[in-house]
Amino acid sequence: MQDSITTHYRACHLCEAICGLEITTQGEEILSIRGDKQDAFSRGHICPKATALQDLHTDPDRLRKPVKRSGDGWQEISWEEAIKLAAEGLTSIQQRDGNDAVALYAGNPNVHNYGSLTHGGLLRKALQTRNCYSATSLDQLPHQLVSMALYGHQALIPVPDIDRSRYMLILGANPLASNGSIMTVPDVTKRLKAIQQRGGRVVVVDPRRTETATLADEHHFIRPGTDAFLLLAIIHTLFADNLIRPGHLVDVVQGVDAVREAVRGITPQLAAQATGIAAETIRHLARAMAETDGSVCYGRMGVSTQAFGTLCQWAIQVINILCGSLDREGGAMLPSPAFGYITRGAKGAGHFARWHSRVSGLPEFDGEFPSVVLAEEMLTAGEGQVRGLVTMAGNPVLSAPDGRALDRALAGLEFMVAIDFYINETTCHADLILPPTGPLEHDHYDIVFHRLAVRNSSRYNAPVFEPAAGSCHDWQILNQLSVAIAAARGGSLKPLPEPAQLLDMGLRHGHYGERGDGEEGFSLQYLQRFPHGVDMGPLVPGLRDRLCTDDGMIHLDVDFILQDIGRLVAAAPVLAEGELLLIGRRHVRSNNSWMHNSQRLVKGKPRWQLLMHPSDLRQRGLQDGVQVRIESRTGAVETSVMASDEVMPGVVSLPHGWGHRRQGVQLRVAGEQGGVSCNDLTDRGLFDAVSGNAALNGVPVRVSGVG
Ligand SMILES: Nc1nc2c(c(=O)[nH]1)N[C@H]1C(S)=C(S)[C@@H](COP(=O)(O)OP(=O)(O)OC[C@H]3O[C@@H](n4cnc5c(=O)[nH]c(N)nc54)[C@H](O)[C@@H]3O)O[C@H]1N2
Ligand SMILES: Nc1nc2c(c(=O)[nH]1)N[C@H]1C(S)=C(S)[C@@H](COP(=O)(O)OP(=O)(O)OC[C@H]3O[C@@H](n4cnc5c(=O)[nH]c(N)nc54)[C@H](O)[C@@H]3O)O[C@H]1N2
Ligand code: SF4
Ligand SMILES: [Mo]
């Protein structure tokens, strides 16, 4: 008898847009993946990556059993043996050299996997190492640090109220390719166009005329890494032109005069010299922000992964506050999630600079060191040197700056464990790989992204498939490994209950939980009745009551951030003759360093050309399409160049996450692709001095013809 056809509803976990999917299956086979039109939030929107979930599910390269390095190859072993060997290998290093001799790197997909989020902390507890790292410091660390400093909690991050906004000033984000970030917004194109349809404006500031810039009403090129000048000059103008109106937050906003003083010298003229944006344009941006009801300034990856990332993110908050746009309809608002609602007294506020890294002395944030120091902590001999590593869902060899240094560092480790289902550029260095189930084999809840969503929403999905026999979920691996590590150290640690149980507890005690008034509150059981998700409506004001600062105030004058203005002014652009500034670029059919083993996503023209302005090509006597050598302080790669006036003169653009054709990597499709890793060029010596976040954008490079 043939299996019947079943329809499943399930969120896509590949990016922050968390689109609802309708997946039909027959037995073990996926028949179709479509957008779920009934999804309360995403309304049927998907992008090409959604259908590639099928390739991920069926990929023969995806590991299903633990493997142990044996000679040049890999040998399948049992889970029991794998966990035992992993715990022994890690603890024997720790017992000899101390706990910090083992490091942990948690990559981006952890935030899309709720079992990894609920159980990741247990492994940290078991390892008790200060050498914790993650993609946070390759990405949004400045956002978290600024939220902690201003609002008292790293997770109190306002998001654009895009559906009601009438003026959106976007810096360093390309949601048309990324589908939005720190702004969970399925179908962002439609929502941006809707701003225009209601008479509003979308303005993009970016060194590249991106897909989003093309849709926008205005696009302004900016020299990479100079946004802090622009933003501070906007604040300067708000003061100079008497445009300050903190609105309903006026009595909780403190330190305004100190900010006025701090930006006094950052005039639009000065900013124009640094940024390349005319002084008159800067004044006009300030006025539009201040004078439009429902204005919001939003800055993402391009302005946090640069040398002044924290200053930029702080300035963006300050602009929204001074324009009365914070916590206001159409401005920047706090989502009210069903799980993990942050309000006064909430745990996990974050801490900063309580201790510092061994070699370069960079500050911890919330118990993690910046990922730019991971390689040196392994490569620098002496007491406290990292000799062992656990990676979970991350590929820092392709994702972190100076990936070649990490490559060397990983090759020199004594012992490494990877919790991952691919043998890629990072995990090929492991002694043991512990592969979790595929995404469709476990249930799903977006702990992080409902917290950042532009509508209050909540959705739980059951697994599409039963897990393969003898497989383990990420959370089960984390439980088993943590318990085994604790035991190997002569202690004990209790495994955590399954994620669904923790979710249920969080929902019941959450913002929409049981209230004792007879109304049914949120629980797992409640959400299970709504596979298309629950829409709890638009974002609502209420920041005042949710502020987690000691005195319930917002102090704009954060010392360690204001001090950075001096560094900004002193840091004259020091490009040597002939140098260009390298920036990244995302493509809707790619996903960081992975999903490149899906033929349907990678087919077509190669995507790792260097974009370069025709005038810069001419200056170097280069033709469009030729092979070029790109060289930075740390490395060199060769790829083809594409003439494009999308990038401003002096700027070149290369995507990250490619370069899979190397020894040891076992990815059939990705490995056939050429491609180079942008992070062979980026520099671990370039970071935001305040937070230690990597400056992946604005890297000086030289470009020359090959042959
Ligand atoms: N030059 C440059 N570099 C960048 C960026 C840039 O724009 N330019 N972007 C940066 C940003 S924003 C980020 S977030 C980082 C991301 O960089 P990473 O943190 O390295 O994240 P990914 O590349 O997404 O990691 C993919 C890995 O996770 C594994 N994986 C996927 N799903 C799961 C799962 O459910 N469980 C487990 N255990 N493993 C899984 C995959 O097999 C793969 O090995 O890259 C950063 N690097
Ligand atoms: N398709 C796809 N979607 C993704 C991802 C992916 O790899 N592929 N990655 C996911 C992840 S991990 C993240 S964090 C988000 C990121 O989402 P976004 O923040 O939207 O990231 P990008 O698309 O890289 O856009 C960054 C923009 O910053 C610009 N930029 C570079 N340097 C500067 C600068 O100095 N100043 C200014 N103003 N702009 C600058 C770049 O030209 C680029 O257009 O995307 C997520 N979504
Ligand atoms: S935009 Fe694409 S990758 Fe992102 S959640 Fe939606 S379908 Fe998945
Ligand atoms: Mo990211």
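Read on for an overview of the structure. In this text, all values refer to a predicted model and were calculated from it rather than measured experimentally.

Cut-off values and rules
- Residues numbered from 1 in each chain as written.
- Chains lettered and ligands numbered in written order.
- Predicted model: local features only at pLDDT ≥ 70, side-chain atom pairs only at ≥ 80, totals over all residues.
- Heavy atoms only, no water.
- Buried < 20%, exposed > 50% of the residue type's maximum accessible area, 1.4 Å probe, protein only.
- Helix = DSSP H or I, 4+ residues; strand = E, 2+ residues; numbered from the N terminus.
- Pairing = 2+ DSSP bridges.
- Phe/Tyr/Trp six-rings, centres within 6.5 Å; stacked < 30°, edge-to-face > 60°.
- Salt bridge = Lys/Arg side-chain N within 4 Å of Asp/Glu carboxyl O.
- Axes fitted to C-alpha atoms, helices over the stretch in contact; angles between N-to-C directions.
- Parallel < 35°, antiparallel > 145°, perpendicular 65-115°, else oblique.
- Left-handed = near helix turned anticlockwise from the far one by under 90°.
- Contact = heavy atoms within 4.5 Å.
- Nonpolar A, V, L, I, M, F, W, Y, C, P; charged D, E, K, R; others polar.
- Expected span 1.5 Å × (residues − 1).
- Near = heavy atom within 4 Å.
- Polar contact = N/O pair within 3.5 Å; in protein donor to acceptor, adjacent residues only side chain to side chain.
- Areas by Shrake-Rupley, 256 points an atom, 1.4 Å probe, with all protein chains shown as cover.
- Domains from an automatic or database assignment.

**Description of the pairing of strand β9 (residues 167-171)**
The buried fraction of β9 is high, at five of five residues. As defined by bridge partners, β9 adjoins strand β10 (residues 201-205) across five bridges and the pair is classed as parallel. By the bridge assignment, L169 is partnered in β10 with V203. Looking at chain direction, β9 and strand β13 (residues 295-299) are connected through five bridges and run parallel. Within the sheet, the bridge partner assigned to Y167 lies in β13 and is S295.

**A closer look at the packing of aromatic side chains**
According to the stated counting rule, one finds 10 aromatic pairs in the structure shown. Their ring planes at 50 degrees and their centres at 6.2 Å tell us that Y133 and F369 sit as a pair that is tilted. Taken as a pair, Y133 in strand β7 (residues 132-134) and F369 in the loop between β16 (363-365) and α14 (374-379) lie far apart in primary sequence, 236 residues in all. Y133 sits in the buried class, given a relative accessible area of 1%.

**Some details on the pattern of salt bridges**
According to the stated counting rule, one finds 36 salt bridges in the structure shown. Across the pair R529 and E520 runs a salt bridge whose closest N-O atoms are separated by 2.9 Å. Residue classification places R529 among the partly exposed positions, given a relative accessible area of 48%.

**Brief notes about the packing of helix α8 (residues 227-240) against helix α13 (residues 309-322)**
The geometry of α8 relative to α13 is characterised by a closest axis approach of 9 Å and an angle of 25 degrees between their N-to-C directions. Considering the angle they form, α8 stands roughly parallel to α13. As α8 packs across α13, the resulting crossing turns out to be left-handed. Two secondary-structure elements touch here, α8 through D227, A228, L231, L232, I234, I235, L238 and F239 and α13 through L311, C312, W314, A315, I316, V318, I319 and L322. For the contact of α8 with α13, the per-class residue count stands at 15 nonpolar, no polar and one charged.

**Concerning helix α2 (residues 79-97)**
Between its terminal C-alpha atoms α2 stretches 27 Å, which fits the 27 Å expected from 19 residues at 1.5 Å a residue. The complete set of buried residues in α2 reads W79, A82, I83, A86, A87, G89, L90, T91, I93 and Q94. As for α2, its buried residues are in contact with β6 (102-106), α3 (114-127), β17 (388-392), β18 (415-419), β19 (432-434) and α17 (474-488). Phi turns positive one or two residues past the end of α2, at G98, with a value near 100 degrees.

**Looking at the site of ligand 1**
Taken together, 29 residues surround ligand 1, and among them N395, S399, D420, N424 and S593 come closest. N108 is positioned with one of its backbone polar atoms (N or O) 2.9 Å from an oxygen atom of ligand 1. Within the contact set of ligand 1, a nitrogen atom lies 3.4 Å away from a side-chain nitrogen or oxygen of H656. Protein chains bury 98% of the 930 Å² of accessible surface belonging to ligand 1 in isolation. Partitioned by chemical class, the residues of the shell around ligand 1 number 14 nonpolar, 11 polar and four charged. Both domains that meet at the shell around ligand 1, namely domain 2 (67-135 + 354-526) and domain 4 (574-705), each give it at least three residues.

Read these as geometric descriptors, not functional statements.
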